[in-house]
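Single-letter residue listing:
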Amino acid sequence: MTILTDSTAPEASDLSLVGGKAIGLARMTAGGIPVAPWLTVSTRVHRDFLEQTQLNAHIESVVEGIDWHSQDSLAEAEQTIAAVFAETPVPPAIAEDIAAGYRGLAERIGVPELSVAVRSSATAEDTPDSSFAGEYETYVGMVGAEQVIEHVKLCWASGFTAHAMAYAHDRGFSPLAVSMAVVVQKTVKARAAGVMFTLSPATGDRSRIVVEASWGIGLAVVGGEVTPDRYAVDKVSLNILERIPGDKRIEYLDGQRSTPVEESRRAVLCLSDSEVLELARLGKTLEKQQGVPQDIEFAIDRELPDGANIILLQCRPETVWSTRKRAAAAALPLIDQVAASVFGLGKPGSAGRRDLVLGEVGHAR
């Protein structure tokens, strides 16, 4: 099976076939968590593409020539591989499979020209040891089979950016060893979007749930263009402990173009108390189901009624504090806790981006 449309099928839980992001979606669906409809272009399609076009051999020769200690060498390899991807069309049989999957998703939802997010879902992604958060691409607002096919190919190509290749190499495997599934998911019309951790990302305190959010989809936050609102919730009592307004000067309502936020809304909290508490309840449920603290991305759909407008986009194991012993976390020097809070706890290999605090928010990453 190359295109997976049934989240209850046994293949939907096969990491080697669907990758980390799609597995997270399947688990949330199985657990009764609200998730936007999606399909998965499996890793078999990725492998077929590389083999049929003979890109494997070409990329392997480029990767073998990389000086892993040289940023220039990595950048040159990225440019070479990107150029090869750009000039290599998707074989017709593969393109038709993807197009048929997209049309089937649109028919299932009842929207002929369905807007979707095309999201990488690599086999090494979102594991407890390696999140690869932000290393691979997501494209928002794609409409029509032609755009979807082209951006599936771009997701495959994103496995060979300088950052992604260096991240894989640092973890001891070749970039070619990473198989890439791609999730094609209905675009959420987000009024607000954000990320939730079922522990404190600043201190590792597991008694708290922390939510950060901004207006629109999450591109402005991922790009560091706004300061999001922050909420802290007591995990046991589900009382809101903190509400800290951010400075949200722009928003992305659809696609890739930002619009200014009028001054009267910039410091207004973008989530209601009931939305924060419902998110916290969903976060507790997911943590209990998965057995470890979770890093969850969500959106508040502006077209759906209150009570049905919270959509979860992704969940993954939290990878920073969950892999440390609690005693070690408690012993973290205060200056490190402050630095972590201020700089967003950047993950190793994330090149300073705010990946841990806000990543693929509203399909932004």
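Because the structure is predicted, anything quoted here is derived from the model rather than measured.

Enquirer: So what exactly am I meant to see when it comes to the overall build of the protein here?
Expert: Secondary structure summary: the protein contains 12 helices and 13 strands in total. Residue burial in the protein is summarised as follows: out of 365 residues, 55% are buried. Considering only contacts within the protein whose residues lie at least 6 apart along the sequence, 70% involve residues at least 24 apart.

Enquirer: Honestly, the sheet that holds strand β1 (residues 3-4) in this entry has me stumped. Any pointers?
Expert: The pairing of strands in a sheet happens through backbone hydrogen bonds and is either parallel or antiparallel. Strands sit in the order β1-β2-β5-β3-β4 across an open sheet of five strands; the sheet is antiparallel. Of all the strands in the sheet, the pair left with one neighbour each is β1 and β4 (138-143). Taken together, the four bridges between strand β3 (residues 115-122) and β4 define a ladder with antiparallel strand orientation. Of the residues in β4, the one forming a bridge with arginine 119 is threonine 138. Running at roughly 170° to β4, helix α6 (residues 145-157) makes contact with β2 (38-41), β3, β4 and β5 (180-186) of the sheet.

Enquirer: Mind showing me how you'd approach the nonpolar core here?
Expert: Within the largest apolar cluster, 47 residues are counted, with the highest numbers of intra-cluster contacts made by Val41, Ile59, Phe85, Ile98, Val116 and Trp156. Per element, the largest residue contribution to this core is seven residues, and it comes from helix α5 (residues 92-109). In this structure, phenylalanine 85 is in contact with Phe49, Leu50, Leu55, Ile59, Lys153, Trp156, Ala157 and Phe160, ignoring residues within four places of it in sequence. With 36 residues, the next largest nonpolar core counts Ala22, Leu25, Val276 and Cys315 among its residues.

Enquirer: Which parts of the structure should I look at to understand the sheet that holds strand β13 (residues 310-317)?
Expert: What the six strands build is an open sheet, ordered β9-β8-β7-β6-β12-β13; its pairing is antiparallel. Across the chains shown, the open sheet's two edge strands, defined by having one partner strand only, are β9 (240-244) and β13. The average angle at which neighbouring strand axes cross in this sheet is 15°, direction not considered. Here strand β6 (residues 190-197) runs beside strand β12 (residues 294-301); their pairing, made up of seven bridges, is antiparallel. Counted as the bridge partner of valine 195 is glutamate 297 from β12. The sheet strands contacting helix α10 (residues 273-290) are β6, β7 (208-215), β8 (229-234), β9, β12 and β13, and the helix crosses β13 at an angle near 35°.

Enquirer: Sorry, what's going on with the packing of aromatic side chains here?
Expert: For any pair of aromatic rings, the description consists of the separation of the ring centres together with the inter-plane angle of the planes. In total, this model carries three aromatic pairs according to the counting rule given. Through pairs of rings, three or more aromatic residues link up here, namely Phe49, Phe85, Trp156 and Phe160. Over the aromatic face of tyrosine 167 sits the side chain of arginine 171, whose NZ or CZ is 3.6 Å from the ring centroid. The positively charged end of arginine 265 is found above the aromatic ring belonging to tryptophan 215, 4.8 Å away from the centroid.

Enquirer: Any chance you could explain the side chain of serine 158 here in plain terms?
Expert: Relative to the elements of secondary structure, serine 158 occurs in the loop between α6 and α7 (162-170). Among the polar contacts listed, one links the side chain of serine 158 to the backbone nitrogen of glutamate 137, at a separation of 3.1 Å.

Enquirer: Is there a simple way to explain the pattern of salt bridges in this structure?
Expert: Close approach of charged atoms allows side chains of opposite charge to pair. Counted under the stated rule, the structure contains 13 salt bridges. One salt bridge in this structure joins arginine 249 and aspartate 247, with 2.9 Å as the shortest N-O distance. What makes arginine 249 partly exposed here is its relative accessible area of 46%. On the accessibility criterion, aspartate 247 (31% relative accessible area) is partly exposed. Salt bridges sharing partners connect three or more residues here, namely Glu251, Glu262 and Arg265.

Enquirer: Would you explain the environment of valine 211 in this entry?
Expert: In this fold, valine 211 is placed in strand β7. Note: C-alpha distance between valine 211 and proline 228 (17 residues apart in sequence) is 9.5 Å. If near-sequence neighbours (up to four positions away) are discounted, valine 211 is found in contact with Val195, Met196, Asp229, Arg230, Tyr231, Leu271, Leu279 and Phe298.

Enquirer: Would you mind going over helix α2 (residues 43-52) with me for this structure?
Expert: In an α-helix there are 3.6 residues to a turn, and that puts residues three or four apart on one side. Within α2, burial applies to Thr43, Val45, His46, Phe49 and Leu50. Projected onto a plane normal to the axis of α2, the buried residues spread over an arc of 160° and lie on a single side. One or two steps after α2, the chain reaches glutamine 54, where phi turns positive at roughly 60°.

Rules behind the numbers
Residues numbered from 1 in each chain as written. Predicted model: local features only at pLDDT ≥ 70, side-chain atom pairs only at ≥ 80, totals over all residues. Heavy atoms only, no water. Helix = DSSP H or I, 4+ residues; strand = E, 2+ residues; numbered from the N terminus. Buried < 20%, exposed > 50% of the residue type's maximum accessible area, 1.4 Å probe, protein only. Contact = heavy atoms within 4.5 Å. Pairing = 2+ DSSP bridges. Axes fitted to C-alpha atoms, helices over the stretch in contact; angles between N-to-C directions. Core = buried A, V, L, I, M, F, W, Y, C linked by side-chain atoms within 4.5 Å. Phe/Tyr/Trp six-rings, centres within 6.5 Å; stacked < 30°, edge-to-face > 60°. Lys NZ or Arg CZ within 6 Å of the ring centre and 35° of its normal. Polar contact = N/O pair within 3.5 Å; in protein donor to acceptor, adjacent residues only side chain to side chain. Salt bridge = Lys/Arg side-chain N within 4 Å of Asp/Glu carboxyl O. Arc of directions from axis to C-beta.

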